[in-house]
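Understanding the architecture of this molecule
The primary structure of each chain is shown beneath.
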Amino acid sequence: MKKITCSLAIFMLIFSCAMAQNKGKKEAEQPFVPKVTTSAEIEFDKVTHDYGTLEVGDVKTGIFTYTNVGNRPLVLFDVIVSCDCTEVEWQKEPVMPGKTGIIKVIYTAKTPGVIAKQVTVQSNAQTDRIRLQLKGNVAGQ
């Protein structure tokens, strides 16, 4: 009886090791399959706009282009600026899957110094908040 129990224990140990090795091989052999989204998803062509060097009083426009890479209509709920020196215009209608939209950011240089502003985009996308960066330099007088 002890021989049977001992033999059974050894068999189970060997079987478990063999299964663990096969499991690792099966996982490694499986191809990568990207996650399929069942919602809207937003992707920007860039997340930073550099206005370069401006003079006090200059008004410059930057354009951010985005694409709905999901499979549901994309709606921008709000586009929030970090200061009163920045205005935004964006499309209020839903952007269909595969289509693009733009956010126009108008910056008015009011004081000399480095430009480091943010624009926060809120939407119904899976990534529901994205921060866009504005940079540049306003020359002193």
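Every residue gets a number counted from 1 within its own chain, in the order that chain's sequence is written. Whole-chain, interface and lining totals are the exception, using all residues; otherwise, since this is a predicted model, local features are given only for residues with pLDDT of at least 70 and side-chain atom pairs are given and counted only at 80 or more. In computing side-chain properties, one takes all heavy atoms of the structure into account and sets aside hydrogens as well as water.

**Describing the confidence of the model for the chain**
- Mean pLDDT for the chain: 83, with 72% of residues reaching 70 or above.
- Every residue in residues 23-28 is under pLDDT 50, and counting partners more than four places away or in other chains gives zero contacts. Confidence scores labelled pLDDT are given residue by residue by the predictor and lie between 0 and 100. A contact between two residues is defined here by any heavy atoms of the two lying within 4.5 Å.

**Remarks on the sheet that holds strand β3 (residues 59-68)**
- In this description, strands pair whenever DSSP reports at least two bridges between them. Numbering of helices and strands runs from the N terminus; a helix is a DSSP stretch of H or I covering at least four residues, while a strand is a stretch of E covering at least two. The strand order across the open sheet formed by four strands is β1-β3-β6-β5, and the pairing between neighbours is antiparallel. Either end of the sheet is taken by a strand with one partner, and the two such strands are β1 (42-44) and β5 (86-90). Strand-to-strand twist of the sheet, defined as the mean angle between neighbouring strand axes without regard to direction, takes the value 25 degrees.
- Relative to strand β6 (residues 100-108), β5 runs antiparallel, the two sharing five bridges. Looking at β6, one finds that Trp-90 is bridged to Ile-103. Only the stretch in contact is used when fitting a helix axis, every axis being a line fitted to C-alpha atoms; angles between N-to-C directions are given from 0 to 180 degrees.

**A look at the pattern of salt bridges**
- When a carboxyl oxygen of Asp or Glu lies within 4 Å of a side-chain nitrogen of Lys or Arg, that pair is called a salt bridge. One pass over the full model with this rule turns up two salt bridges.
- With its nearest N and O atoms 3.4 Å apart, the salt bridge here joins Lys-104 to Glu-89. One end of the pair, Lys-104, is in strand β6; the other, Glu-89, is in strand β5, with 15 residues separating them in the sequence.
- Note on classification: 1.4 Å probe, protein chains only; a residue is buried when its accessible area is under 20% of the maximum for its type, exposed when over 50%, partly exposed between these limits. When its relative accessible area of 40% is taken as the criterion, Glu-89 is described as partly exposed.

**Brief notes about the sheet that holds strand β8 (residues 129-139)**
- Spatial ordering of the open sheet is given by β2-β8-β7-β4, a layout of four strands whose pairing is mixed. Each edge of the open sheet carries a strand with a single partner, namely β2 (48-55) and β4 (76-81). The average angle at which neighbouring strand axes cross in this sheet is 20 degrees, direction not considered.

**A word on the packing of aromatic side chains**
- Centre distance within 6.5 Å is the pairing criterion for rings of Phe, Tyr and Trp, where only the six-membered ring of Trp is used; planes under 30 degrees apart are then read as stacked, over 60 as edge-to-face, and the remainder as tilted. Taken as a whole, this structure holds two aromatic pairs when the rule is applied.
- Judged by centre distance (5.7 Å) and plane angle (55 degrees), the ring pair of Phe-44 and Tyr-66 falls under tilted. Taken together, the positions of Phe-44 in strand β1 and Tyr-66 in strand β3 put the pair 22 residues apart, joining distant regions of the chain.
- Judged by its relative accessible area of 13%, Phe-44 falls in the buried class.
- A positively charged side chain is recorded as over a ring if its NZ (Lys) or CZ (Arg) lies within 6 Å of the ring centre. The angle to the ring normal must also be within 35 degrees. For Lys-46, the ring lying beneath its charged end belongs to Phe-64, and the centroid distance is 5.6 Å.

**Focus: the environment of Asn-68**
- Relative to the elements of secondary structure, Asn-68 occurs in strand β3.
- In this structure, Asn-68 is in contact with Ala-40, Glu-41, Pro-73, Leu-74, Val-95, Met-96, Pro-97, Gly-98 and Lys-99, ignoring residues within four places of it in sequence.
- For this analysis, a polar contact is any N or O atom pair within 3.5 Å, provided that within protein one partner can donate a hydrogen and the other can accept it, and provided that sequence-adjacent residues contribute only side-chain to side-chain pairs. At a separation of 3.3 Å, a polar atom in the side chain of Asn-68 contacts the main-chain amide nitrogen of Glu-41.

**What about the side chain of Gln-122?**
- Mapped onto the elements, Gln-122 comes out in strand β7 (residues 113-123).
- Among the residues examined, Gln-122 registers a relative accessible area of 18% and is labelled buried.
- Those residues in contact with Gln-122 that lie beyond four places of it in its chain are Val-75, Leu-76, Phe-77, Asp-78, Ile-80, Asp-128 and Arg-129.

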